[in-house]
Amino acid sequence: MDTGPGDRHPLITLIKYLLEIMRRPHGPTYRAWAYLSRDMGDSTGIIGKESISMAWEHKVPEGQTDVMPGTTPTSWYTPPDNAQHIAYVGKDNKIHECSFKFAPEGHDWEHTVPSDGHPVTEIGTNSTSWYTPPDNAQHIAYIGNDQQIHECFKFAPESHHWEHTWPSPGHPKARLITSPTSWYTPPDRAQHIAYIEDGLGVINELFFNFAPGEYHWEHTLPLDGHAKAVTWTSPTSWYTPSDNVQHIAYVGGDSQIHEIFFRFTPGGFHWEPSLPSPGHPKVEPGTRPTSWYTKPDNTQHIAYVGQDNKIHELFYQL
């Protein structure tokens, strides 16, 4: 937002950020003080330190439409434009996005409709999202009302419109009332989408490589010969960089957590199964697991709702 050397005058900077703080009903925020500290040349962050709010704050992003009941949003971050994003299914069954930039001139949420003009979402499904560094692109995938996987993508920050692809033509349809999962693997610069096949409960994977000559979506069957997914759940996925392995977890017909994993090492180019939860409480019907990786202790985690109505965690240190 700088317009010249005078715009960096400490007094002007102070007034600008005090006005920003006054806009917020709950007082000073870390973000506002961080900008103030930076622009006034205080690299230590001492300015306003005493007034930093350490509590959770609340915001209703501007411009949004009503959310479809029974659905869940997805979110991601794009480093090139320093922006955060939320995507959700609206009552019109379209994919909607709210985005927020951290720049001083961008303290408001903006709204777009990535899937406008393309197939609407299947009833009762949620979208998934990811970011690919090689092309600075953000992606949203969802199950359309044709039970196929659809993708919306936009290049950040160059492009101002969303484009559409169809990763799954000619492949099995997705099961109703389920949602896809997605992940990115840096070593082969590949993006992945997994979903549950309609009828059979088999996990299907779609993947896209950035290598020359491979600019198209391919299809695999990670679950071939392994336990099928129960009808009421959706998969979760993650990547562990220390051993260069990708993972998918899901609820099997025995209501236990099942995992399939894929190694990139020679001789390991196939999916293998594991059973993380034997002997532990079974999964509550109608729920889905979630997963994540913690770098400091090199550990992978899966959390789920048990039939005792408690949150359970499975973790594996590599």
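Here, the structure is the one placed above.
The model shown is predicted, which means the values in this text are computed figures rather than measured ones.

Analysis parameters
Note that residues are indexed from 1 along each chain, following the sequence as it is written. Local features in this predicted model are restricted to residues whose pLDDT is 70 or higher, and side-chain atom pairs enter the listing and the counts only when it is 80 or higher, whereas totals over whole chains, interfaces and linings include all residues. Computation of side-chain values: all heavy atoms of the structure, hydrogens and water removed. Every helix listed is a DSSP run of H or I at least four residues long, and every strand listed is a run of E at least two residues long, numbered separately from the N terminus. Residue burial is assigned from relative accessible area. The probe radius is 1.4 Å, only protein chains are included, and a residue is buried under 20% of its type maximum, exposed over 50%, and partly exposed in between. We call two residues in contact whenever any of their non-hydrogen atoms come within 4.5 Å of each other. Note that accessible areas follow from Shrake-Rupley with a 1.4 Å probe, and for residues the cover is restricted to the protein chains shown. Between any two strands, pairing holds if DSSP finds at least two bridges. Here, axes are lines fitted to C-alpha atoms. For helices the fit covers the stretch in contact, and angles between N-to-C directions go from 0 to 180 degrees. Salt bridges are defined as contacts in which a side-chain nitrogen from Lys or Arg sits within 4 Å of a carboxyl oxygen from Asp or Glu.

### Observations regarding the overall build of the protein
If you tally the helices and strands in the protein, you get two helices and 19 strands. By residue count, 47% of the 318 residues in the protein fall in the buried class. Considering only residue pairs separated by 6 or more positions, the protein has 41% of its internal contacts joining residues 24 or more positions apart. For the protein, the accessible surface area stands at approximately 15,800 Å², while carbon and sulfur atoms represent 58% of it.

### Thoughts on the sheet that holds strand β17 (residues 290-294)
An order of β17-β18-β19 is seen for the three strands of this open sheet, with the pairing classed as antiparallel. Of all strands in the sheet, those with a lone pairing partner are β17 and β19 (311-317), marking the two edges. Between one strand axis and the next, the sheet turns by 20° as a mean value, whatever way the strands run. Of the pairings in the sheet, the one linking β17 to strand β18 (residues 299-305) comprises five bridges and is antiparallel in character. Opposite Ser291, over in β18, you have Ile302 as the bridge partner.

### Examining the pattern of salt bridges
By the definition in use, this model includes two salt bridges. Of the charged contacts, one joins Glu62 and Lys59 as a salt bridge, the two residues approaching to 3.2 Å between their closest N and O atoms. Among the residues examined, Glu62 registers a relative accessible area of 30% and is labelled partly exposed. Of the residues examined, Lys59 reaches a relative accessible area of 45% and is grouped as partly exposed. Across the pair Asp116 and Lys94 runs a salt bridge, and its minimum N-O distance is 2.7 Å.

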